[in-house]
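Close look at the chain arrangement
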Amino acid sequence: MILAAGLACGKPKAIKPSKPVPAGTVMLQFTKKVDGPVDLTIDGIRIPVQQSGKKCKRLTLTGLPAGKHHVVLLSALDAFGPDQLDIEITPGQGVFHVLYSQQFKAVLYGKPEPTPTAEGIPGVVARLEP
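My aim in this report is to walk through the structure given alongside it, one point at a time. (Residues numbered from 1 in each chain as written. Predicted model: local features only at pLDDT ≥ 70, side-chain atom pairs only at ≥ 80, totals over all residues. Heavy atoms only, no water.)

Here's the deal with the layout of surface pockets
The probe, sized like a water molecule, is rolled over the atoms to show the empty space still left. Considering only enclosed or pocket space, the second largest pocket measures out at about 180 Å³ in volume. Contributing to the lining of the second largest pocket are 13 residues, with Pro-17, Ser-18, Lys-19, Met-27 and Arg-58 lying nearest its centre. Of all elements in the fold, only β1 (25-34) and β5 (56-62) reach the threshold of two or more residues within the lining of the second largest pocket. Element by element, the count of residues in the lining of the second largest pocket is highest for β1, at 3 residues. A class-by-class count of the residues in the lining of the second largest pocket yields 5 nonpolar, 4 polar and 4 charged. (1 Å grid on protein atoms, 1.4 Å probe; cavity = no way out; pocket = protein on both sides within 12 Å on 5 of 7 lines; lining within 4 Å. Points joined across faces, edges and corners; volume = space filled by probe spheres on them. Helix = DSSP H or I, 4+ residues; strand = E, 2+ residues; numbered from the N terminus. Nonpolar A, V, L, I, M, F, W, Y, C, P; charged D, E, K, R; others polar.)

Description of the sheet that holds strand β2 (residues 39-42)
Pairing within the open sheet is antiparallel, and its 4 strands lie in the order β3-β2-β6-β8. The strands lining the two open edges of the sheet, one partner per strand, are β3 (45-47) and β8 (84-89). Pairwise comparison of adjacent strand axes, ignoring direction, gives a mean angle of 30 degrees for this sheet. Bridge count for β2 against β3 is 3 bridges, and the pairing is antiparallel. Note that in β3 the partner of Thr-41 across the bridge is Arg-46. (Pairing = 2+ DSSP bridges. Axes fitted to C-alpha atoms, helices over the stretch in contact; angles between N-to-C directions.)

Things to note about the pairing of β2
Here β2 runs beside strand β6 (residues 67-74); their pairing, made up of 4 bridges, is antiparallel. Within β6, the residue paired with Asp-39 across the bridge is Leu-74. Adjacent in sequence and paired antiparallel, β2 and β3 are bridged by 2 residues, among which Asp-43 carries a positive phi angle near 55 degrees.

Focus: the nonpolar core
Within the largest apolar cluster, 23 residues are counted, with the highest numbers of intra-cluster contacts made by Val-26, Phe-30, Leu-40, Leu-59, Leu-64 and Leu-73. Counting residues per element, the ones that place at least two in this core are β1, β2, β5, β6, β8, β9 (95-103) and β10 (125-129). At 4 residues, β1 tops the list of elements feeding residues into this core. Setting aside residues up to four positions removed in sequence, Phe-30 forms contacts with Cys-56, Lys-57, Arg-58, Leu-59, Leu-73, Phe-80, Leu-99, Ser-101 and Leu-128. (Core = buried A, V, L, I, M, F, W, Y, C linked by side-chain atoms within 4.5 Å. Buried < 20%, exposed > 50% of the residue type's maximum accessible area, 1.4 Å probe, protein only. Contact = heavy atoms within 4.5 Å.)

Concerning the environment of Lys-32
Looking at where Lys-32 falls in the secondary structure, it is placed in strand β1. The spatial distance from the C-alpha of Lys-32 to the C-alpha of Ser-101 is 5.6 Å, given a sequence separation of 69 residues. Setting aside chain neighbours within four positions, we find Lys-32 in contact with Cys-56, Lys-57 and Ser-101.

With respect to unusual backbone geometry
Pro-37 follows Gly-36 through a cis peptide bond whose omega is -5 degrees. Residue position: Pro-37 is located in the loop between β1 and β2. Here Gly-81 and Pro-82 are connected by a cis peptide whose omega angle stands at -5 degrees. Along the polypeptide, Pro-82 turns up in the loop between β7 (78-81) and β8.

With respect to the packing of aromatic side chains
What describes a pair of aromatic rings is the distance from one ring centre to the other and the angle between the planes of the rings. Taken as a whole and assessed by the stated rule, the structure comprises 1 aromatic pair. When the ring of Phe-30 is compared with that of Phe-80, the centres are 5.3 Å apart and the planes differ by 35 degrees; the resulting orientation is tilted. With Phe-30 in strand β1 and Phe-80 in strand β7, this residue pair connects regions lying 50 residues apart in the sequence. (Phe/Tyr/Trp six-rings, centres within 6.5 Å; stacked < 30°, edge-to-face > 60°.)

Here's what the structure looks like:
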């Protein structure tokens, strides 16, 4: 009984990257695995997202210039909290954020309208990774 009470009062572990985030890279870690596809917008420009695998645990962005950026993350099958965030990239450092994620359990009838292709920003690469 005392052991159970001691375990229940333990502090939650902080979510940290397994290795340091490389300079100029933004890593968005999800609390639960994401099915995708994900619609990513950075500073009002849609970015194509490559997906390696069915269930992905993080979104990695490379090639963003230094400065402040407004990021919007949407999906038809997953919800994110927050779904919009402002990130600041400083030269020589990487950025790591944890986003709450949850799957929608909805039934969709018919085919959804195809989304237009993302324009992208030259040099910026976004990947969903396991």
